There are 2 protein chains.
Amino acid sequence: MRLRHVLLVLIAERPHTGYDVTQRMQKTMSMIWSAHHSQIYPELAAMEADGLLTCEAGAGPGPREKKTYTVTEAGRHELRIWLGSPYQPRAPKDELVLRAFAAASADPAELAAVYEEETRQIEGRLARYATIRAEVEESGHTDDPTRPEFGHLLSLLHGIAVAEARLVWCRDTVRRLRAADLVR
Amino acid sequence: MRLRHVLLVLIAERPHTGYDVTQRMQKTMSMIWSAHHSQIYPELAAMEADGLLTCEAGAGPGPREKKTYTVTEAGRHELRIWLGSPYQPRAPKDELVLRAFAAASADPAELAAVYEEETRQIEGRLARYATIRAEVEESGHTDDPTRPEFGHLLSLLHGIAVAEARLVWCRDTVRRLRAADLVR
DNA sequence: GGATGCTATGTCAAAACTGACATAGTTGGG
DNA sequence: CCCAACTATGTCAGTTTTGACATAGCATCC
């Protein structure tokens, strides 16, 4: 039940619909977590059944009602329990680095192209992060730990730091692969 | 079928038993991938059934036979296909950063303790990486792209670069949380 | 002599996740 | 006027992953 905590974190900030949560995961939170709506909607229903959320339904654009969820006191309690529990890192799964690990089985030039493309992707991501960072810092609430913006900035700074490290690594990897390809 | 490719990468280097693969995932490859043996053994059997691996069985220490798997020509072909296919990044899931994102719902001092502990964990990890790096570089095959050590060094350099970036971020996060806790 | 840990392989139920299918109103552009 | 995109919620089958249970010889330490 890890998605449960992600949903609690988001909805604790302010009420959300399932659609809102899905959007935020794809945008602001994409460097931390992601889930499809097909996983989110059932989980929200289960959390309501377990008393962690309450739901207010109104007219929706489609054939179904639009449901806005709010965290209950039990939900906030559960969130605090989780935040105080010891952190156990999970297995990272990084296909990009796995390909580098397998370099001996690959064509160096072909692999270099993969990392060159990734370099461009990361540059784009860093530009988007810079925009978001400016917005968050403009809000002026980044020093107040009771405001969501405080945590948002922290996670954003992590995203930027890791993206920069990966960018440097990607460029170095391209260089090493090209050098190896010439020797061959 | 992503575990399949991880297994192909490892067994393409040299023959492995299921146990060997499990060990290597926990040690050398821990920063790239991990899987429990309960997932590995059935997958190896499926890969043999699909003709990607061949298996040689001998006497084992327990009640069952020890099985050593080798990659077939079909397996090497499948591996090359995958290495040439476009890379599509998957959703990273980072519980450590999620907690920072949720800072507004947490006790700053309690959260700072989590990141202080993580700082120590990363320092330990970096020390282990440095040892492995020295071993790999001592082998003298890190410039030869046909040798597994070439790829091993690449992935190790990624692990080091990302760990260092996270270390800096963790320290900064502790500092920000402590400052916020004093203001409160 | 007993406890612990390592080698070694397996099963199984449950949980988590993915990708596709399904529905329908509104808004904006060409 | 039609097409595309956006808002909004749901199901379902299949795949992947986790965590627990199960077995047994051998080595090492106390």
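Described below are features of the structure shown in this document. Keep in mind that what you see is a predicted model, and the values were worked out from it rather than measured. (Residues numbered from 1 in each chain as written. Chains lettered and ligands numbered in written order. Predicted model: local features only at pLDDT ≥ 70, side-chain atom pairs only at ≥ 80, totals over all residues. Heavy atoms only, no water.)

1. Some remarks on the packing of helix α1 (residues 3–13) of chain B against helix α2 (residues 18–26) of chain B
Residue and element names in this part refer to chain B. Two numbers describe how α1 lies on α2: the axes approach to 11 Å, and their chain directions differ by 105°. Comparing their axes, α2 and α1 come out roughly perpendicular. Residues Leu 3, Val 6, Leu 7, Leu 10, Ile 11 and Glu 13 of α1 lie in contact with α2, whose contacting residues are Val 21, Arg 24 and Met 25. Partitioning the contact of α1 with α2 into residue classes produces seven nonpolar, no polar and two charged. (Axes fitted to C-alpha atoms, helices over the stretch in contact; angles between N-to-C directions. Helix = DSSP H or I, 4+ residues; strand = E, 2+ residues; numbered from the N terminus. Parallel < 35°, antiparallel > 145°, perpendicular 65-115°, else oblique. Contact = heavy atoms within 4.5 Å. Nonpolar A, V, L, I, M, F, W, Y, C, P; charged D, E, K, R; others polar.)

2. Some remarks on the protein's contact with DNA strand D
In the vicinity of DNA strand D, 21 residues are found, and the nearest of them are A:His37, A:Arg64, A:Lys67, B:Met1 and B:Gln39. When the atoms of DNA strand D within 4 Å of the protein are sorted by group, sugar and phosphate make up 64%. Within the side chain of A:Arg64, an N or O atom sits 2.5 Å from a base oxygen of DNA strand D. Between DNA strand D and A:Lys67 there is a distance of 2.3 Å, counted from a phosphate oxygen to a side-chain nitrogen or oxygen. If you list the elements that add at least two residues to the surface near DNA strand D, you get α2 (18–26), α3 (37–49) and β3 (66–71) of chain A together with α3 (37–49) of chain B. (Near = heavy atom within 4 Å. Polar contact = N/O pair within 3.5 Å; in protein donor to acceptor, adjacent residues only side chain to side chain.)

3. With respect to the packing of aromatic side chains
Ring pairs (aromatic) are described by centroid distance and by the angle formed between their planes. Tallied over the full model, the rule gives two aromatic pairs over all chains. An angle of 90° between the planes, with centres 5.5 Å apart, marks the rings of A:Tyr115 and A:Trp169 as edge-to-face. Here A:Tyr115, found in helix α6 (residues 108–138), pairs with A:Trp169, found in helix α7 (residues 148–183); they are 54 residues apart in sequence, far enough to count as distant. Here A:Tyr115 and A:Trp169 have matching classes, each one buried. The ring centre of B:Trp82 lies 5.0 Å from the NZ or CZ of A:Arg99, which sits over that ring. (Phe/Tyr/Trp six-rings, centres within 6.5 Å; stacked < 30°, edge-to-face > 60°. Buried < 20%, exposed > 50% of the residue type's maximum accessible area, 1.4 Å probe, protein only. Lys NZ or Arg CZ within 6 Å of the ring centre and 35° of its normal.)

4. A look at the pattern of salt bridges
Evaluated as defined, the whole model comprises 26 salt bridges over all chains. Notably, a salt bridge pairs A:Arg175 with A:Asp172, separated by 2.6 Å at the nearest N-O pair. Of this pair, A:Arg175 and A:Asp172 both sit in helix α7, three residues apart, which is roughly one turn of the helix. Between B:Arg178 and B:Glu116 there is a salt bridge, with its nearest N and O atoms 2.9 Å apart. Pair noted here: B:Arg178 is in helix α7 (residues 148–183) and B:Glu116 is in helix α6 (residues 108–138), with a separation of 62 residues, a long-range link. Since its relative accessible area comes to 37%, B:Arg178 is described here as partly exposed. Residue classification places B:Glu116 among the partly exposed residues on the basis of a relative accessible area of 30%. What you see here is one network of salt bridges that share partners, running through A:Arg4, A:Glu43 and A:Asp50. (Salt bridge = Lys/Arg side-chain N within 4 Å of Asp/Glu carboxyl O.)

5. Thoughts on the relation of the copies chain A and chain B
Once turned by 180° and shifted 0.0 Å along the axis, chain A lies on chain B with an RMSD of 0.1 Å. The relationship between the two copies is best expressed as a two-fold rotation axis. In this assembly the copies share their binding face: 100% of the residues contributing to the interface of chain A also contribute to that of chain B. (Least-squares fit on C-alpha atoms with pLDDT ≥ 70 in both.)

6. Focus: the environment of B:Tyr19
All names here are of chain B. Examined against the element boundaries, Tyr 19 turns out to sit in helix α2. Judged by its relative accessible area of 52%, Tyr 19 is exposed. Spatially, the C-alpha atoms of Tyr 19 and Gly 151 are 22 Å apart, while their sequence positions differ by 132 residues.

7. Some remarks on the nonpolar core
Among soluble globular proteins, nonpolar side chains are generally buried collectively. With 110 residues, the main nonpolar core has A:Leu7, A:Met25, A:Tyr115, B:Leu7, B:Met25 and B:Tyr115 as its most contacted residues. With sequence-adjacent residues up to four places away left out, A:Tyr115 is seen in contact with A:Leu96, A:Val97, A:Arg99, A:Ala100, A:Trp169, A:Cys170, A:Thr173, A:Val174 and A:Leu177. (Core = buried A, V, L, I, M, F, W, Y, C linked by side-chain atoms within 4.5 Å.)

8. Some remarks on the protein's contact with DNA strand C
Around DNA strand C, the structure places 20 residues, and the nearest of them are A:Met1, A:Gln39, B:Tyr19, B:Arg64 and B:Lys67. Among the atoms of DNA strand C close to the protein, meaning within 4 Å, 65% are from sugar or phosphate groups. Contact distances for DNA strand C include 2.8 Å between a base oxygen and a side-chain N or O atom of A:Ser38. Interatomic distance of 2.5 Å between a side-chain N/O atom of B:Arg64 and a base oxygen of DNA strand C. Sorting the residues of the surface near DNA strand C by element identifies α3 of chain A together with α2, α3 and β3 (66–71) of chain B as the ones contributing at least two each. The element best represented in the surface near DNA strand C is α3(B), accounting for three residues. Taken together, the residues of the surface near DNA strand C break down into seven nonpolar, eight polar and five charged.

9. A short note on the sheet that holds strand β1 (residues 16–17) of chain A
Residues and elements named next belong to chain A. Strands sit in the order β1-β3-β2 across an open sheet of three strands; the sheet is antiparallel. This sheet does not close on itself; its edge strands, each paired only once, are β1 and β2 (53–58). Alignment of β1 against β3, held across two bridges, turns out to be antiparallel. Residue pairing for β3: His 16 is matched across the bridge by Tyr 69. (Pairing = 2+ DSSP bridges.)

10. Digging into the sheet that holds β3(B)
Residues and elements named next belong to chain B. Read across the open sheet, the three strands follow the order β1-β3-β2; overall the sheet is antiparallel. In the strand order of this sheet, the two ends are held by β1 (16–17) and β2 (53–58), each with one partner. Of the strands in this sheet, β2 and β3 touch α3, which is tilted by about 120° from β2.

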